[in-house]
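Results of the structural survey
Chain residues, written in single-letter form:
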Amino acid sequence: MGWIQELYETYENSKELVGLVDETGNVLLPIGHSTQNAQVEVAINLDGEFQEAGKIEDKGRAVTIIPVTEDSGTRSSGIAPHPLCDKLCYVAGDFADHSDKKKAAEYYEAYIQQLARWCEKDCHQYVTAVYGYLRKKTLIADLVEEGILSLDEKGIIQDKDKIQGIIPSECFIRFRIQDFDAPLGGELWNNRDVYESYVNYYLSTLKKRDIDYVTGEILPCTDKHPSKIRNSADKAKLISANDESGFTYRGRFKNKGEALSVGYVQSQEAHNALRWLLERQGFRRFGTAIIAWNVEGKQVPKLLSDTEEIAGVISGDAGFSYALELRKAILGLYGDLNNKNSRMVIMAMDAATTGRLSLTYYQSTNGSDFLERLAFWHSSCAWKLGYKKNNMDQYFTFIGAPRPEDMILAAYGVERNGIVSVDDKLMKASLERLLPCILNKHPLPRDMVRAAIFNASRPLAYSRSNRRKYLEITCAMISKQHIDESQDEKEEAKMALERDNKKGDYLYGRLLAVAHAMESITFAPGENRETNATRYTNMFAKRPFKTWQIIWEKTVPYKRKLSIGQRIYFEQLLTEIEDMFQDEASRHLDRLDGDYIHGYYHQLQEIYQKDKNIKGEVSR
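Description of the structure in this document. Here the structure is a predicted model, which is why all the values come from computation and not from measurement. Note that residues are indexed from 1 along each chain, following the sequence as it is written. Two thresholds apply to this predicted model, a pLDDT of at least 70 for residue-level local features and 80 or more for giving and counting side-chain atom pairs, whereas whole-chain, interface and lining totals are computed over all residues. Note: side-chain values were computed over all heavy atoms of the structure, leaving out hydrogens and water.

1. A word on the sheet that holds strand β10 (residues 283-285)
Just so we agree on the cut-off: Pairs of strands are assigned from DSSP output, requiring at least two bridges between the strands. Helix and strand assignments come from DSSP, with helices taken as H or I runs of at least 4 residues and strands as E runs of at least 2, each series counted from the N terminus. Simply put, an axis is a line fit to the C-alpha atoms, just over the touching stretch for a helix, and the angle between two N-to-C directions goes from 0 to 180 degrees. Whether two residues touch is decided by their heavy atoms; if any such pair falls within 4.5 Å, the residues are in contact.
Across the sheet, which stays open at both edges, the 4 strands sit in the order β10-β11-β12-β13 with antiparallel pairing between neighbours. Looking at which strands have only one partner, the edges of the open sheet turn out to be β10 and β13 (357-366). Between one strand axis and the next, the sheet turns by 10° as a mean value, whatever way the strands run. When β10 meets strand β11 (residues 288-294), the two strands line up antiparallel, connected through 3 bridges. Note on β11: the bridge partner recorded for F283 is I290. In this fold helix α9 (residues 264-281) packs onto β10, β11 and β12 (343-351), with an angle of close to 95° to the strand it touches most, β11. Its contacts with the sheet place helix α14 (residues 424-440) against β10, β11, β12 and β13, and it is angled at close to 10° to β13.

2. Re the pattern of salt bridges
We count it as follows: Note on definitions: salt bridges are taken to be side-chain nitrogens of Lys or Arg within 4 Å of carboxyl oxygens of Asp or Glu. Categorising residues by exposure relies on relative accessible area from a 1.4 Å probe, with only protein chains included: less than 20% of the type maximum marks a residue as buried, more than 50% marks it as exposed, and the intermediate range marks it as partly exposed.
One pass over the full model with this rule turns up 37 salt bridges. For R284, the salt bridge identified is with E279, shortest N-O distance 3.3 Å. Residue E372 pairs with K441 through a salt bridge whose shortest N-O separation is 2.8 Å. Of the two residues, E372 is situated in helix α12 (residues 367-380) and K441 in the loop between α14 and α15 (446-456); the sequence distance between them amounts to 69 residues. The exposure class of E372 is partly exposed, given its relative accessible area of 25%. Taking the relative accessible area as the measure of exposure, K441 reaches 24% and is therefore partly exposed.

3. Some thoughts on helix α4 (residues 104-119)
What counts here: A helix is expected to reach a length of 1.5 Å times the quantity of its residues less one.
Over its 16 residues, α4 runs 24 Å from end to end, which matches the ideal 22 Å to within 8%, given 1.5 Å per residue. Every buried residue of α4 is listed here: A104, Y107, Y108, Y111, I112, Q114, L115, A116, W118 and C119. Looking at the buried side of α4, the elements it contacts are β4 (63-67), α3 (88-91), α5 (125-134), β6 (172-177) and α7 (192-205).

4. Observations concerning the side chain of N294
Residue placement: N294 occurs in strand β11. When its relative accessible area of 3% is taken as the criterion, N294 is described as buried. If we skip the residues at most four places from it in the chain, N294 touches T10, V300, L337, S342, R343 and M344.

5. Comments concerning the sheet that holds strand β8 (residues 218-222)
Across the sheet, which stays open at both edges, the 3 strands sit in the order β7-β8-β9 with antiparallel pairing between neighbours. Where the open sheet ends on each side, the last strands, each with one partner, are β7 (209-211) and β9 (262-263). Where β7 and β8 come together, 3 bridges link them in antiparallel fashion. Bridge pairing links R209 to P220 in β8.

6. Considerations on empty space enclosed by the protein
Unfilled space is identified by rolling a water-sized probe across the atoms. Using the following cut-off: For cavity detection a 1 Å grid was placed over the protein atoms alone, and a set of points counts as a cavity when a 1.4 Å probe fits there but cannot get out; an open set counts as a pocket when protein lies on both sides within 12 Å along at least five of seven lines, with lining residues being those that have an atom within 4 Å of a point. Grid points are joined across faces, edges and corners, and a volume is the space filled by probe spheres set on the points. Throughout, the ten residues Ala, Val, Leu, Ile, Met, Phe, Trp, Tyr, Cys and Pro are labelled nonpolar, Asp, Glu, Lys and Arg are labelled charged, and all others, Gly among them, are labelled polar.
Counted according to the given criterion, the structure contains 2 cavities of 30 Å³ or more. A volume near 50 Å³ is recorded for the second largest cavity. Mapped by element, the contributors of at least two residues to the lining of the second largest cavity are β4 and α7. Of all the elements, β4 adds the most residues to the lining of the second largest cavity, at 3 residues. For the lining of the second largest cavity, a count of residues per class yields 9 nonpolar, 1 polar and no charged.

7. Considerations on the environment of R61
Considering the arrangement of structural elements, one finds R61 in helix α2 (residues 59-62). Residues R61 and F180, 119 residues apart in the sequence, show an inter-C-alpha distance of 23 Å. Leave out the neighbours within four places in its chain, and R61 touches E41, I56 and R174.

8. Brief notes about the packing of aromatic side chains
The condition is simple: Here a pair means two rings of Phe, Tyr or Trp (six-membered ring of Trp) with centres within 6.5 Å. Their orientation is stacked below 30 degrees between planes, edge-to-face above 60, and tilted elsewhere. As a reminder, the over-ring test applies to NZ of lysine and CZ of arginine, requiring each to be within 6 Å of the ring centre and within 35 degrees of the ring normal.
Tallied over the full model, the rule gives 15 aromatic pairs. Ring geometry for Y508 against F540: centres 5.7 Å apart, planes inclined by 80°, an arrangement best described as edge-to-face. Of this pair, Y508 sits in helix α17 (residues 504-520) while F540 sits in helix α19 (residues 537-542), and the two are 32 residues apart along the sequence. Given a relative accessible area of 0%, F540 falls into the buried group. Each residue in the set W118, Y198, Y201, Y202 and Y264 is aromatic and connected to the rest through ring pairs, giving one cluster. Positioned above the aromatic ring of W189, the side-chain terminus of R174 is 3.9 Å from the ring centre. One Lys or Arg, K441, reaches over the ring of F376 and ends 5.2 Å from the middle of that ring.

9. Focus on the environment of A292
By the secondary structure assignment, A292 is in strand β11. Of the residues examined, A292 reaches a relative accessible area of 5% and is grouped as buried. With sequence-adjacent residues up to four places away left out, A292 is seen in contact with Q281, V300, L303, M344, V345 and I346.

10. Focus on helix α23 (residues 595-610)
Compared with an ideal rise of 1.5 Å per residue, which puts 16 residues at 22 Å, α23 spans 22 Å between its outermost C-alpha atoms and is within 8% of the ideal. Buried within α23 are the following residues: D595, Y596, I597, H598, G599, Y600, Y601, H602, Q603, L604, I607 and Y608. On its buried face, α23 is in contact with β14 (383-385), α15, α16 (464-486), α17, α19 and α21 (564-578).

11. Remarks on the packing of helix α11 (residues 322-333) against α12
Our working rule: These descriptions rest on fixed angle ranges, namely under 35 degrees for roughly parallel, over 145 for roughly antiparallel, 65 to 115 for roughly perpendicular, and the rest for oblique. Crossing handedness follows the turn of the near helix against the far one: under a right angle anticlockwise gives a left-handed crossing, and clockwise gives a right-handed one.
Viewed as axis vectors pointing N to C, α11 and α12 meet at an angle of 140°, and their least axial separation amounts to 10 Å. The pairing of α11 with α12 is recorded here as oblique in orientation. The handedness of the crossing between α11 and α12 comes out as right-handed. Across the interface between the two elements, Y322, A323, L326, R327, I330 and L331 of α11 pack against L371, E372, A375, H378 and S379 of α12. For the contact of α11 with α12, the class distribution of residues is 7 nonpolar, 2 polar and 2 charged.

What follows is the structure, encoded as structure tokens:
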């Protein structure tokens, strides 16, 4: 019940935002309200007289806030009308005259009787105007006259011309007051007074009372909880129970109320807060939904972003303390969270079935611990990344952690038509594995790092831009693994050439970089051939000693094309590296580990920065 309590408190702390559309177009829904895509908008005046109607072709304008009842908000079959805006079969009194749908008249009768009860309770004048209009039973005729609906020779609604992919007889209708005395366009779905009118009315109708597990008080309770949590089409629920025949709870409880009892207001506020938070700052892809938020409503960094997205560009040379700068940036931007009394909640959800949404990860912590762990993640995963593009469509570099999603793509991704992708199930499962790494300082999964090293050893499987991107991300993952194994949280990634590193794997990586650079700088402008070092990388990682002999022999023709200065530079560099092998065992390695990728990256960067006459980039 902890997550319901925290979401309920989040809603209570944000009540001044209820019903207000924010800068991203999202709104914190009032209790007793939901959203629906409308296809037709009908305008009437305050006297309940028809003015005009139109199709809503733009889905961006279609999202409509509507009042709902417990039954209508969870309806899947049967007759359960929404209180104000609804499908044509509910709101049109003349629908039965133009449809062969069974029980067509019963839909309207249930709707209009329910609306009448609301109007009897001193409702808003806009709602009274809608009731006055719909009592006339002329909606179908008015829509036909406006050209929105068409009838066949028998007077039946024709469904040939869809609106937003919805057949006309199933379209959703919303209402607007078009009157000189109706300010702001009279949009009922954007009117806070209409929201309040319905909330006050509906709460007065709730009679079932029980103990609310959230507050511990005797309150009106509900066993019908909202869906539409991840998006407006989402049918999955976090709290649900089937009937007694399903044996969900029998054997432990006599009825579902003994298992869980939640107040109607508390359930509505918790679910509305969760939906709002996911819209604003949640991660909703690959069938999973992940959200981190502050109960007091303070700004929170997006959990699954890279460092540049949450802290800006951290730049510098290889010798500066990027971890300190990164920590300063995060604490500077999110300093309001940096105290023990600020509460952070992290949740991950996954739909096990169409109707069930499971909670796969939940953690509640204080703000200072959250920021400290987040700063550690971004500093321990940091690398010099240059794969992001700005508005000028040019690369820029920053030091920091890649997105977890990109780390998974580096490990398991397959490129097709220049796009690297991963199966949704694998992506979802891998993201859930990385959450404890981010939030609890767990080490990166070893198999994920191994997979990234394997992919980085297959450069020909990627386009050149992707090759560079995933090489840098793999370097970040290898560095993170080294820091995890050292168990020294103050250790920083080594992004510069390690001249004193005598490990055979690292030295072989340096040799591969030299061979690649020697050949690539002899290419003519615009020549996009792959170097022999690139073509043999996969074999080199598996059998370095034998493959190096092949690669070295193939560089001889290119060596002749070098200038005298370049030739001397590379000969001295090769001699320096060869002399660092300590013994034959370090030369005759069975296969290379991830250190060779660091050696390759470091040496290549060093070569291209060392001499202006030696030009190129890692991606070549």
